[in-house]
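# Examining the three-dimensional arrangement
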There are 4 protein chains.
Amino acid sequence: MKFFSLPRPGAELVLAERDVPEPGPGQVLVRLRGWAVNARDLMILKGFYPKPVKPDVIPLSDGAGEVVAVGDGVRAWTTGDRVAATYFPDWLAGPGTPEKTVDDLGGTLDGVLAEYAVFAEDALVAIPAHLGYAEAATLPSAGVTAWRAVVEEGRLTPGQTVLTLGSGGLSTFALQFAALGGAHVVSTSGSDEKLERLRALGAAETLNHATTPEWGAAVAGLTGGGVDHVVDVGGGGTIGQSMLAARYGGHVSVAGVLTHEGAADPILVLVKQLTLRGLTNASRETFQAMNTAIERTGLKPVIDRRFAFDEVAGAFAHLESRTHIGKIVLESA
Amino acid sequence: MKFFSLPRPGAELVLAERDVPEPGPGQVLVRLRGWAVNARDLMILKGFYPKPVKPDVIPLSDGAGEVVAVGDGVRAWTTGDRVAATYFPDWLAGPGTPEKTVDDLGGTLDGVLAEYAVFAEDALVAIPAHLGYAEAATLPSAGVTAWRAVVEEGRLTPGQTVLTLGSGGLSTFALQFAALGGAHVVSTSGSDEKLERLRALGAAETLNHATTPEWGAAVAGLTGGGVDHVVDVGGGGTIGQSMLAARYGGHVSVAGVLTHEGAADPILVLVKQLTLRGLTNASRETFQAMNTAIERTGLKPVIDRRFAFDEVAGAFAHLESRTHIGKIVLESA
Amino acid sequence: MKFFSLPRPGAELVLAERDVPEPGPGQVLVRLRGWAVNARDLMILKGFYPKPVKPDVIPLSDGAGEVVAVGDGVRAWTTGDRVAATYFPDWLAGPGTPEKTVDDLGGTLDGVLAEYAVFAEDALVAIPAHLGYAEAATLPSAGVTAWRAVVEEGRLTPGQTVLTLGSGGLSTFALQFAALGGAHVVSTSGSDEKLERLRALGAAETLNHATTPEWGAAVAGLTGGGVDHVVDVGGGGTIGQSMLAARYGGHVSVAGVLTHEGAADPILVLVKQLTLRGLTNASRETFQAMNTAIERTGLKPVIDRRFAFDEVAGAFAHLESRTHIGKIVLESA
Amino acid sequence: MKFFSLPRPGAELVLAERDVPEPGPGQVLVRLRGWAVNARDLMILKGFYPKPVKPDVIPLSDGAGEVVAVGDGVRAWTTGDRVAATYFPDWLAGPGTPEKTVDDLGGTLDGVLAEYAVFAEDALVAIPAHLGYAEAATLPSAGVTAWRAVVEEGRLTPGQTVLTLGSGGLSTFALQFAALGGAHVVSTSGSDEKLERLRALGAAETLNHATTPEWGAAVAGLTGGGVDHVVDVGGGGTIGQSMLAARYGGHVSVAGVLTHEGAADPILVLVKQLTLRGLTNASRETFQAMNTAIERTGLKPVIDRRFAFDEVAGAFAHLESRTHIGKIVLESA
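Each value, and the rule that gives it
Residues numbered from 1 in each chain as written. Chains lettered and ligands numbered in written order. Predicted model: local features only at pLDDT ≥ 70, side-chain atom pairs only at ≥ 80, totals over all residues. Heavy atoms only, no water. Helix = DSSP H or I, 4+ residues; strand = E, 2+ residues; numbered from the N terminus. Buried < 20%, exposed > 50% of the residue type's maximum accessible area, 1.4 Å probe, protein only. Contact = heavy atoms within 4.5 Å. Areas by Shrake-Rupley, 256 points an atom, 1.4 Å probe, with all protein chains shown as cover. Lys, Arg positive; Asp, Glu negative; His and termini not counted. Charge placed at Lys NZ, Arg CZ, Asp CG, Glu CD. pLDDT = per-residue confidence, 0-100. Salt bridge = Lys/Arg side-chain N within 4 Å of Asp/Glu carboxyl O. Domains from an automatic or database assignment. Buried area = accessible area lost by both parts, 1.4 Å probe. Polar contact = N/O pair within 3.5 Å; in protein donor to acceptor, adjacent residues only side chain to side chain. Nonpolar A, V, L, I, M, F, W, Y, C, P; charged D, E, K, R; others polar. Pairing = 2+ DSSP bridges. Axes fitted to C-alpha atoms, helices over the stretch in contact; angles between N-to-C directions. Phe/Tyr/Trp six-rings, centres within 6.5 Å; stacked < 30°, edge-to-face > 60°. Lys NZ or Arg CZ within 6 Å of the ring centre and 35° of its normal. Patch = residues over 30% accessible without salt bridge, like charges linked within 9 Å, V, L, I, M, F, W, Y side chains within 5 Å. Parallel < 35°, antiparallel > 145°, perpendicular 65-115°, else oblique. Left-handed = near helix turned anticlockwise from the far one by under 90°. Right-handed = clockwise from strand over helix to strand, strands pointing away. Arc of directions from axis to C-beta.

- As recorded in an unreviewed UniProt entry, chain A goes by the name NADPH:quinone reductase and related Zn-dependent oxidoreductase, listed as coming from Amycolatopsis mediterranei.

This is the structure:
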């Protein structure tokens, strides 16, 4: 089997071959067929990721494939099952804890950028029947985090207003989930072309943040005083505008930011009675609840471009160019 | 102005005329243009309503119209505003209490079956801009109760399953709100024709309870073990089947039932870890939140048939025939 | 090692000996030192339990002891750790599901009425440091269920009113947890002597249900219209009075009842806008949260009488006599 | 009657006399007997308050007294009733909105620093029977805000850990409410003498922030990784340490801060998955729920020093000296 590894942060990815692993007791061997790249993976490659990374790590957390063998005692899966791996293998259910989130695929643990990988039986979920492997590979990071922000913690109700920032994977999922729940979605982007695409995906209103740098107040103006919920993925640099865009008593999900830039001014938190909530990925049960909703509603993830497995460098380059809408994936035949 | 009154429960409605009232301090005079009839109004007329009714009551809780005059000190409304009255005039916000719910329009207080009526300033809500008066008149009872059941207390999330019973006003609103929130809706009816109509309104699956009297188990079978949420409006006679239709840990909203028939078997509540929640109407803030959602999404209430103001007897006869889908309304030119 | 088993429901318990088991991979061997008996165990013995029971089951779900050996790969426990087993070994976290609750100790699985037993690594919790083994053995059934009813789902706040019924283990835990959370607790019993003891445990008010058979209305009278929360353990026979004792909008936890007697009248659920919630045991995370609270506050379970391991028949006889307050336990030196 | 007014921010308070006002329709005349001063009042006096203040405002939001006359149509109150005024007269129930919170006593509206004042019927609450007027006067600002932080939004459960900062009125109430709810409270102060007093009030652990300037990490160390809930009243200067003191997934209530100093670093919000929630005062229903709890539990507010009505300057000077524990009040015979 072929696999990529990263000798050390900042180095080049190395493509190599080794034997297909055998699943041990309680383990499942998956032939991976689809993968997705994330900003976090790019930070790991470049050495900017602020959390621990295993030496010679196999990168990427997001992959989907087919069960090809199961170890002793495995009851949940059988050959041919279509599955995706969970971002935090130890976070099965309930609220997050340091213990449940200490290990993450493609970080402290080997990830999925390989033709085959073994996973613990309970570190997998069944993928929606109507999605291909590459589509399903978009779910573990961007999908689950957006679901947690908008649905699980956002407790979105129909008719509420939701603001999404930009056209990255997490934001397009947040847009789709909010629209699915009957929300009035406002989306920003720096490109009018992308704004048009976001409207096609369900955004009721859009705003070009390049031509309207004071977009926080502009969004508040568009929505009668501010939105109920902001899904902020923009790093520290956007939190101030996000707080201006939120209504009195509104919520700001702080997701995806890994920078010390910018800061939340406590007086705005207080005067507007805001709730700021930091959130990353979520539990396997959250992933399963999202998959149920995706399957029942037939929702399709937004894929920007598809690369072959060994074109991963091109996928990262495309991600870095920031010209995409939705997810960038790899797939094998 | 013309108005109807009910000399005593069980009597005939009397049509009479009197002077248009003047709004006192803090009051608003509304020219009513649309009305809706409810099963509760029918019970009052027939003398079966188990709660107190004022002698010579002007019937009906559900009406919408136009502000034509305001009393001293009224700040919230001005002539020409389009409004509906709230079912419980004293329930402005927060959880219900005996004090907030002691008085109800068309019950302990005069209702809206008149060409004009005065209301306290804070016992009105603005109606959605895209709805006519007769459409808006469907909202105060059936709409608000369905919203409370499905959205406010049901905390519906996209992809959840919701069961609605029959094609009455409350159930069709529950169907519409659930579909709006991305739910997978299962609806029952005793008529295949109506089931077709319910599918057109957004039901993903339907079931004829006349041909499948054990519909509780059938719904559980259709939905992989039971629905997340049942909106039960069927009186005591349906609660047992509803509990069978709910999933382990599911919710059953008990709404609209005013009969001692049937009973909830505690062992089923326990073994399936169910939550049963009784609910009637809700606060003015809930009504406003629903209206915001209706306006933002353009949702249209389902109207079965329209009668003129003085054809109210015909409207009640049609309601009693139980052949309708959605709401039966009155309107004036 | 000695152990008891039940050849079949309705038979006598058999005391026998066998080799101490060895822990397999991921398993932990515990030397049990304390046990508690529950009404559910009595039902299993007598053959009245409505759920499946394994042939030749080792009875009892509630036990605590000391880790004496661990199998391969066990990371969470080490020799000497003081632990209790969880009632549902597969319910680790999150909401309950049929899958998580299908197996229960002393029911579908062998229980703890033995000198030694092996458990899966994640089917154990650490017990509070200030409790002896017999004290800790009171926690898995009565403690966890009461915690779920009062704290986790009851969302008790200081100053709320809570009603507990009788002096059994679940009710005394509910009383203690409610008092710990600053609630005003009303407790009933059929004996004035027990009522005095319940006051000493923290009940602010008590009521003799033998001399006041209409205790529902009486409790409502004592508490200005009804209590916020009833923890009903009385089987179907008490649900009607419990609903009368609850305030408008109040909650009734239906716990511990396994009888078809009595029934919840839907009209009362509706008119009083009640929430009825069926609940049994809970997840391991709930057990751990309760233990943290017990340890931090130094709470002591109420033990009625202590028996030796081989006096289990006496313990069941005492339980059946219904003269106890709190829990009946076994302990070994 | 005597009353104080503030000609303009930054000026001296002026003591004057005028006729006792008459209550209009729906109004209540209260003879005030107890008052409390708050940091916000001091900011108003000194001209540092960032929100609008009425010219010639009668200062202070916090007062309690006796109903001496009622206007036409008042149903809720009668002569002799013991009452306190609500901070936001228009916030009766439900979540806060800009409309409900635009007017505040002693800010945009005349406050209570007078021997008599009239209030709208629904801008008053009954005070707990066991409290004197000066004690009850501590409740409207510090009490209600602490209750909202700890109980209503904090959803405190027994055994959780709560951190309070310093010995001001809001923090001592937060300490008392948390202890009442069975929490393990950690309190800081810059004085060992005060720490001793805080322990007497129920703090389980204390920490001198003067001698331990890195108290955030120290609190995390004391509590096994951080507290569940921080009630931060320290202005921007403490938010960073508060976030360090919170556990993974913990809550930080940002209350009482009206300064642009300091800032919440988004990366800490994200990495620790924190929730930051800004909150000020709350609704009348929240005030009533707190009073019910205070009355049922007999809780006594902490009063540092009592001044006479016309010694208000001394009370402010004492507040400014920051040597107090709990509240500083005025009272009249």
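### Structural notes on the overall build of chain A
- Per the secondary structure count, chain A includes 11 helices and 15 strands.
- For chain A, the spread of C-alpha atoms along the three principal axes comes to 60 × 40 × 35 Å.
- In chain A, buried positions account for 59% of the 333 residues.
- Of the contacts formed within chain A by residues at least 6 apart in sequence, a portion of 69% connects residues at least 24 apart.
- Within the structure as shown, chain A displays about 11800 Å² of accessible surface, and the carbon and sulfur contribution to it stands at 51%.
- Looking at chain A, you have 27 positive and 37 negative side-chain charges, and the mean spots of the two groups are 3 Å apart.

### A few points about the confidence of the model for chain A
- When pLDDT is averaged along chain A, the result is 95, and 98% of the positions lie at 70 or above.
- Among the prediction metrics, the complex's ipTM stands at 0.94, with pTM recorded as 0.95.

### Description of the pattern of salt bridges
All names here are of chain A.
- What the rule picks out here adds up to 48 salt bridges over all chains.
- Notably, a salt bridge pairs E135 with K300, separated by 3.0 Å at the nearest N-O pair. A residue pair is termed long-range when its members are at least 10 positions apart, and E135 in helix α3 (residues 133–136) and K300 in the loop between α10 (284–297) and β14 (303–308) qualify at 165 residues.
- Under the relative-accessibility criterion, E135 is labelled buried at 11%.
- Residue class for K300 comes out partly exposed when judged on its relative accessible area of 40%.

### Considerations on the domain arrangement of chain A
All names here are of chain A.
- Examined at the domain level, chain A breaks down into domain 1 (2–138 + 301–331) and domain 2 (144–279).
- If you average the C-alpha positions of domain 1 and of domain 2, the two centres end up 28 Å apart.
- Taken residue by residue, the interface counts 13 residues in domain 1 and 11 residues in domain 2.
- Summed over both partners, the interface of domain 1 with domain 2 buries about 950 Å², with 69% contributed by carbon and sulfur atoms.
- For the pair domain 1 and domain 2, the interface holds 0 salt bridges.
- Between domain 1 and domain 2 we count 4 residue pairs in polar contact (both at pLDDT 80 or more) in total.
- A class-by-class count of the residues in the side of domain 1 that touches domain 2 yields 7 nonpolar, 4 polar and 2 charged.

### Description of the sheet that holds strand β12 (residues 246–255) of chain C
- Taken in spatial order, the 12 strands line up as β10(B)-β9(B)-β8(B)-β11(B)-β12(B)-β13(B)-β13(C)-β12(C)-β11(C)-β8(C)-β9(C)-β10(C) in an open sheet, and their pairing is mixed. With one partner strand each, in any of the chains shown, β10 (205–208) of chain B together with β10 (205–208) of chain C form the two edges of the open sheet. Adjacent strand axes in the sheet meet at a mean angle of 15° when their direction is disregarded.
- As paired elements, strand β13 (residues 275–279) of chain B and strand β13 (residues 275–279) of chain C share 3 bridges and run antiparallel to each other. Bridge assignment links T275(B) to a residue of β13(C), and that residue is R277(C).
- Contacts from helix α7 (residues 215–222) of chain B reach β8 (161–165), β9 (184–189), β10 and β11 (227–232) of chain B, with the element oriented near 160° to β10(B).

### Focus on the packing of aromatic side chains
- Inspection of the entire model under this criterion finds 24 aromatic pairs over all chains.
- Aromatic pair F88(A) and W91(A): ring centres 5.9 Å apart, planes at 40°, arrangement tilted.
- Judged by its relative accessible area of 3%, F88(A) falls in the buried class.
- Among the aromatic residues, those joined into a ring-pair cluster are F4(A), W35(A) and F309(A).
- The ring centre of F3(C) lies 4.5 Å from the NZ or CZ of R18(C), which sits over that ring.
- Taking NZ or CZ as reference, R82(C) lies 5.0 Å from the ring centre of Y133(C), over its face.

### Focus on a positive patch on the surface
- On the surface, a cluster of positive charge is contributed by R155(A), R155(B), R155(C) and R155(D).
- For R155(B), the position within the fold is in the loop between α4 (139–152) and β8.

### What to know about the environment of H324(D)
Residue and element names in this part refer to chain D.
- Turning to its location among the elements, H324 is positioned in the loop between α11 (312–321) and β15 (327–331).
- Expressed as a C-alpha distance, the spacing of H324 and R305, which sit 19 residues apart in the sequence, is 8.0 Å.
- Among all residues touching H324, those that are not within four sequence positions of it are S167, G168, K194, D304, H318 and L319.

### Regarding the packing of helix α4 (residues 139–152) of chain A against helix α5 (residues 169–180) of chain A
Residues and elements named next belong to chain A.
- Close contact between α4 and α5 brings their axes to 8 Å; oriented N to C, the two are set at 45°. Of the possible angle classes, the one that applies to α4 and α5 is oblique. Crossing hand, α4 versus α5: right-handed. Contacts between α4 and α5 pair L139, A142, G143, T145, A146, W147 and V150 from the former with G169, L170, F173, A174, F177 and A178 from the latter.
- Considered class by class, the residues forming the contact of α4 with α5 number 10 nonpolar, 3 polar and no charged.

### Here's the deal with the side chain of S141(C)
All names here are of chain C.
- Mapped onto the elements, S141 comes out in helix α4 (residues 139–152).
- Note on S141: relative accessible area 9%, which makes it buried.
- Excluding residues that lie within four positions of it along the chain, S141 makes contacts with N38, S61, D62, Y87 and N281.

### Some details on the pairing of strand β10 (residues 205–208) of chain D
All names here are of chain D.
- Sheet topology places strand β9 (residues 184–189) next to β10; 4 bridges connect them, and they run parallel. Bridging across to β10, S189 finds its partner in N208.
- Crossover handedness for the path β9 to helix α6 (residues 192–200) to β10: right-handed.

### As for the sheet that holds strand β9 (residues 184–189) of chain A
- Here we have 12 strands laid out as an open sheet, ordered β10(A)-β9(A)-β8(A)-β11(A)-β12(A)-β13(A)-β13(D)-β12(D)-β11(D)-β8(D)-β9(D)-β10(D), and mixed in their pairing. With one partner strand each, in any of the chains shown, β10 (205–208) of chain A together with β10 of chain D form the two edges of the open sheet. In this sheet, adjacent strand axes meet at a mean angle of 15° when their direction is disregarded.
- In terms of strand pairing, strand β11 (residues 227–232) of chain A meets strand β12 (residues 246–255) of chain A through 5 bridges, oriented parallel. Its bridge partner being in β12(A), V227(A) is matched across the sheet by A246(A).
- In the packing of helix α7 (residues 215–222) of chain A onto the sheet, contacts are made with β8 (161–165), β9, β10 and β11 of chain A, and the angle to β10(A) comes to roughly 160°.

### Regarding helix α11 (residues 312–321) of chain C
Residues and elements named next belong to chain C.
- Turning to α11, its buried residues are V312, A315, F316, H318 and L319. The buried residues of α11 occupy an angular sector of 160° when projected down its axis, which confines them to one face.
- Positive phi shows up at R322, right after α11, with a value of about 55°.

### Examining the side chain of N281(C)
Residue and element names in this part refer to chain C.
- Note on placement: N281 falls in the loop between β13 and α10 (284–297).
- A distance of 2.9 Å separates a polar side-chain atom of N281 from the backbone oxygen of P140.
- Dropping the residues within four chain positions of it, N281 is found in contact with Y87, F88, W91, P140, S141, V144, T145 and R148.

### Some details on unusual backbone geometry
Residues and elements named next belong to chain A.
- Even without glycine at this site, L60 takes up a positive phi of about 80°.
- Residue position: L60 is located in the loop between α1 (39–46) and β4 (62–70).
- What makes L60 buried here is its relative accessible area of 0%.
- A positive phi angle, near 55°, is found at Q273, a position not held by glycine.
- Checked against the element boundaries, Q273 lands in the loop between α9 (266–271) and β13 (275–279).

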